[in-house]
Amino acid sequence: MIGYLKSTAMAGLGLAMLATMTPASADRGGDIAAGIIGGAVVGTIIGSQGAPARPVYVAPAREYRRGCGELRERAEIAEDRGYYERARMLRREYRECRGD
């Protein structure tokens, strides 16, 4: 609700500023370009504050096993990296895969 209020207020402010502007003359040089660039920067800042991104959960992709040996290798890698709980789980899956 607050985001909608902010964007509505900024849109109204922008329209009011456009209504009070005078036509540009040719002798102003870089003033017009500076105004356009400044407006783009301010618009980007205001636009990025409009709607915060929501975190989205994405389910991990299924892993297709080539064989029991891969489970053993992944368990050894997990153990080398210090992920002992994961290594224990992979070793249990390895034993189930082999039928032990």
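Cut-offs and rules
- All residue numbers refer to positions counted from 1 along the written sequence of the respective chain.
- Given that the model is predicted, a residue must reach a pLDDT of at least 70 before its local features are reported, and side-chain atom pairs must reach 80 or more before they are shown or counted; all residues, however, enter totals for whole chains, interfaces and linings.
- Side-chain numbers here rest on the full set of heavy atoms in the structure, without hydrogens or water.
- Put simply, a disulfide is two cysteine sulfurs that come within 2.5 Å.
- Put simply, DSSP marks the helices as runs of H or I at least four residues long and the strands as runs of E at least two long, and each gets a number from the N terminus on.
- Throughout this description, the term salt bridge denotes a Lys or Arg side-chain nitrogen within 4 Å of a carboxyl oxygen of Asp or Glu.
- Definition used in this section: a nonpolar core is a set of buried Ala, Val, Leu, Ile, Met, Phe, Trp, Tyr and Cys residues joined via side-chain atoms within 4.5 Å.
- Note on exposure labels: buried denotes an accessible area under 20% of the residue type's maximum, exposed denotes more than 50%, and partly exposed covers the range between, all computed with a 1.4 Å probe on protein chains only.
- Residue contacts are counted whenever heavy atoms from the two residues lie within 4.5 Å of one another.

A. Structural context of the state of the cysteines. Going through the model one piece at a time under the given rule, you end up with 1 disulfide. Between Cys68 and Cys97 runs a disulfide, and the two sulfur atoms are separated by 2.0 Å. An S-S torsion of about -80° defines the bridge between Cys68 and Cys97 as left-handed. With Cys68 in helix α3 (residues 68–81) and Cys97 in helix α4 (residues 84–98), the pair connects residues that are 29 residues apart, well separated along the chain.

B. Seen up close, the pattern of salt bridges. With the rule as written, the count across this model stands at 3 salt bridges. Across the salt bridge formed by Glu79 and Arg91, the nearest N and O atoms sit 3.3 Å from each other. Note that Glu79 is positioned in helix α3 and Arg91 in helix α4, a separation of 12 residues in sequence. The partner of Arg88 in a salt bridge is Glu85, and the shortest N-O contact between them spans 2.9 Å. One end of the pair, Arg88, and the other, Glu85, are both in helix α4, 3 residues apart, so they sit about a helical turn from each other.

C. Layout of the nonpolar core. In this structure, Cys68, Leu71, Ala75, Ala78, Ala87, Leu90 and Tyr94 together form the largest nonpolar core, which totals 7 residues. Mapped by element, the contributors of at least two residues to this core are α3 and α4. Looking at this core element by element, the count peaks at 4 residues for α3. Beyond its immediate chain neighbours, meaning those up to four positions away, Ala87 contacts Ala75, Ala78 and Glu79.

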